[in-house]
Amino acid sequence: MQLSAFGPDFPFAYEDWLRHPAGLGRLPAAQQGAEVAIIGAGAAGVVAGHELMKLGLRPILYESGKFGGRLRSETFEGTEDVIAELGGMRFPVSSRGFYHYVDLVGCEAEPFPNPLTPAAGSTVIDLEGETLFARTLADLPDLYREVAEAYAAALEEGAQFSELQAAMKARDAARVKELWDPLLAAWDERTFYDFITASEAFRALSFRHREVFGQVGFGTGGWDSDFPNSMLEILRVNLCGLDDAQCYIKGGVENVLHRLWRLAAPCAHWPEGTSLAKLNDGATRGRAVAIARDAETGLIRVTDRWGRSDLYQAVLVTCQSHLLTTSINTDEDLFDQKLWMALDRTRYMQAAKTFVMVDRPFWNDIDTETGRPLMSMTLTDRITRGTYFFDNGPERPAVICLSYSWMTDALKVLPHDAEKRVELALSALAKIYPTVDVASHIRGNPICVSWETDQNFLGAFKGALPGHYRYNHRMYGHFMQSEMPARERGIFLAGDGISWTPAWVEGAVQTALNAVWGIVNHLGGTSAPENPGPGDLYPSIGPAALD
């Protein structure tokens, strides 16, 4: 069976639940047409809204910034479909929940030009002034092969990787839990770097091997920005295949959400032709500025930035957790104090991207002296870190992501405007490609992003630190509300930051579907007996507790 993001913490087959002809559940007749609020029109908010609409509810979406959240496809000026993917841009084929919606709305995916992949064509690795050209791993010096083999051996040694991934492929939930749960105590309080240095495979190698692994890595590129993170988070990425076989969405991933927003779907209660857009009168509400329990009705009141206040039986919050204390005046009694601790201690990572549009994919031109392309997908220890090329066809403008960087490297460009960021990137690339005049090909204005400066995000994505498993467990399991006091019920959480796999859209989709089950259950609904939902199986295969 194909690998999917089946666990490992909660091995539930979301794609099977979505495809089942019995549907995701049913609501009591009295609840048909009831309004529920969704804070945030990103992947989690739109997916949850679509499924709740199909069940007969009326999701009302609030959005503080740009529709799409961190699935943000920015169009270059003067074009219709030449885009820069400022947020999510790589979508592993193992993200079966997400691809359910990609297929549903008719979007297409193509292999992403990651290093050493056929989609990239060729790769240049530039470290400490040494520049190497390669098309596959076999073209690189032995040191790189040794690093790749050492990491594979470390995963086997420290996590029984092959056996655990085989259990995930086989959808053997019991075996996944049997293998994964003991790893929680072993690795929750240890870092990714600790995992590397403690392994027999890397201990037999030099510091240079660890350094190259941090700078280059394998799959999507360098790993050193994640070295301080909990090793559990990295294991999940590897086990779920999130760093392998990635695609981009043709025309921009934001289209998936726009199409889902407008998609007319068969619904309980609602007439034929109903879509989320129609139920929201064509547009989302503005920024939510307050969430509180109404003392008279017991319902939850949401107030937007223009002063409109409405009562809801259920509210789904999909924004970054820090916004609940910085941007939204949130009634503290809505969440247990231990959950507040988890929400406030969530650590978000910095990320920066710099894109330019160029006249054509000139990097494909062949250098007559070397017989190689003028430029290649580039990994370097210079300020750009990762440079990616997007070819829209020989006669069309193309796009270069001059720089994609995280944490300290992202902070280096934080004070600078777009033009200065381009200058810095071009200066770095000129040292790798001294004969190529990239600037002469640039058209229009650059497009840049630093997610930590956006008041609606305050960071790009969660990066769990050692000891954060318990916090993640509290947030992820919050949709199971039957044992909660009444004052805490009815408000739900979703988004990749609530998931076990932050920075990947599949985590947003899966937590959105958890919330759908939770809201249906809260309103007195049930799953079809032949298609049990995540909350039905959570008591038996849910994440293990650490004490």
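Note that the coordinates shown come from a computational prediction; the quantities given were computed from them, not determined experimentally.

Considered for burial, the residues of helix α14 (residues 337-345) that qualify are L339, W340, A342 and L343. For α14, the angular spread of buried residues about the axis comes to 160°, placing them on one side. Elements that come into contact with the buried residues of α14 comprise α13 (323-326), β14 (329-330), α17 (469-476) and β22 (491-493). If you check the start of α14, you find a side-chain oxygen 2.8 Å away from the backbone N of K338, and it comes from D336.

With that out of the way, let us pick up empty space enclosed by the protein. Applying the stated criterion to the full structure yields seven cavities of 30 Å³ or more. Here the second largest cavity is characterised by a volume of approximately 130 Å³. Taken together, 15 residues make up the lining of the second largest cavity; nearest its centre are A5, G7, W500, T501 and Q510. The leading source of residues in the lining of the second largest cavity is helix α18 (residues 505-522), at three residues.

Time to look at the sheet that holds strand β20 (residues 442-450). The strand order β8-β7-β17-β18-β19-β16-β20 describes an open sheet built from seven strands, whose pairing is mixed. Sheet topology places β8 (130-134) and β20 at the edges, where each strand pairs with a single neighbour. The sheet shows a mean angle of 15° between the axes of neighbouring strands, taken without regard to direction. In terms of strand pairing, strand β7 (residues 123-127) meets β8 through five bridges, oriented antiparallel. Considered in β8, the bridge of V124 is made with F133.

Ranked by size, the top nonpolar core spans 137 residues in total, and within it F98 and Y151 carry the most contacts. Here this core gets ten residues from one element, more than from any other, and that element is α18. Discounting chain neighbours no more than four positions away, the residues touching F98 are F91, I249, V253, V256, V505, E506 and V509. Grouped together as the second largest cluster of nonpolar side chains are 24 residues, A37, I39, W340 and Y471 included.

Next up on the list: the layout of surface pockets. Of the volumes computed, that of the largest pocket is approximately 580 Å³. As for the largest pocket, its lining consists of 33 residues, and the residues nearest its centre are Y248, F389, F390, D391 and N392. Elements with a contribution of two residues or more to the lining of the largest pocket: β4 (83-85), β6 (109-111), β9 (246-249) and β18 (386-390). Ranked by the residues each element gives to the lining of the largest pocket, the list is headed by β4, at three residues. Counted by class, the lining of the largest pocket contains 19 nonpolar, seven polar and seven charged residues.

Quick look at the sheet that holds β14 now. By definition, the strands of a sheet pair up through backbone hydrogen bonds, in either a parallel or an antiparallel sense. On the basis of which strands lie adjacent, the open sheet formed by four strands has the order β12-β11-β10-β14 and mixed pairing. Since the sheet does not close on itself, it has two edges, and those belong to β12 (309-312) and β14, each with one partner. Summarising the sheet, strand β10 (residues 288-293) and β14 pair through two bridges and their orientation is parallel. When the sheet's bridge partners are listed, A290 is paired in β14 with N329.

As for its placement among the helices and strands, H473 is situated in helix α17. Beyond its immediate stretch of four places on either side in the chain, H473 contacts W500, Y538, P543, A544 and A545.

This part covers the pattern of salt bridges. A complete count under the given rule lists 32 salt bridges for this structure. Note that R171 and E15 form a salt bridge whose closest N and O atoms lie 2.4 Å from each other. Residue R171 is located in the loop between α5 (161-169) and α6 (173-187), and its partner E15 is located in helix α1 (residues 14-19); the two are separated by 156 residues in the primary sequence. In this structure, K250 and E108 form a salt bridge, with 3.7 Å as the shortest nitrogen-oxygen distance.

Turning our eyes to something else, we now look at the packing of helix α2 (residues 43-54) against α18. Packed helices, taken two at a time, are described by the angle their axes make and the gap between the axes. Between α2 and α18, the least distance of the axes is 8 Å, while the angle of their chain directions is 40°. When the interaxial angle is binned, α2 and α18 end up oblique. In this structure, α2 meets α18 at a crossing whose hand is right-handed. For the pair α2 and α18, contact is made by A43, A44, V47, A48, E51 and L52 and by V505, A508, V509, A512, L513, V516 and I519, respectively. In terms of residue class, the contact of α2 with α18 is built from twelve nonpolar, no polar and one charged.

Rules used throughout
- Residues numbered from 1 in each chain as written.
- Predicted model: local features only at pLDDT ≥ 70, side-chain atom pairs only at ≥ 80, totals over all residues.
- Heavy atoms only, no water.
- Buried < 20%, exposed > 50% of the residue type's maximum accessible area, 1.4 Å probe, protein only.
- Helix = DSSP H or I, 4+ residues; strand = E, 2+ residues; numbered from the N terminus.
- Arc of directions from axis to C-beta.
- Contact = heavy atoms within 4.5 Å.
- Polar contact = N/O pair within 3.5 Å; in protein donor to acceptor, adjacent residues only side chain to side chain.
- 1 Å grid on protein atoms, 1.4 Å probe; cavity = no way out; pocket = protein on both sides within 12 Å on 5 of 7 lines; lining within 4 Å.
- Points joined across faces, edges and corners; volume = space filled by probe spheres on them.
- Pairing = 2+ DSSP bridges.
- Axes fitted to C-alpha atoms, helices over the stretch in contact; angles between N-to-C directions.
- Core = buried A, V, L, I, M, F, W, Y, C linked by side-chain atoms within 4.5 Å.
- Nonpolar A, V, L, I, M, F, W, Y, C, P; charged D, E, K, R; others polar.
- Salt bridge = Lys/Arg side-chain N within 4 Å of Asp/Glu carboxyl O.
- Parallel < 35°, antiparallel > 145°, perpendicular 65-115°, else oblique.
- Left-handed = near helix turned anticlockwise from the far one by under 90°.

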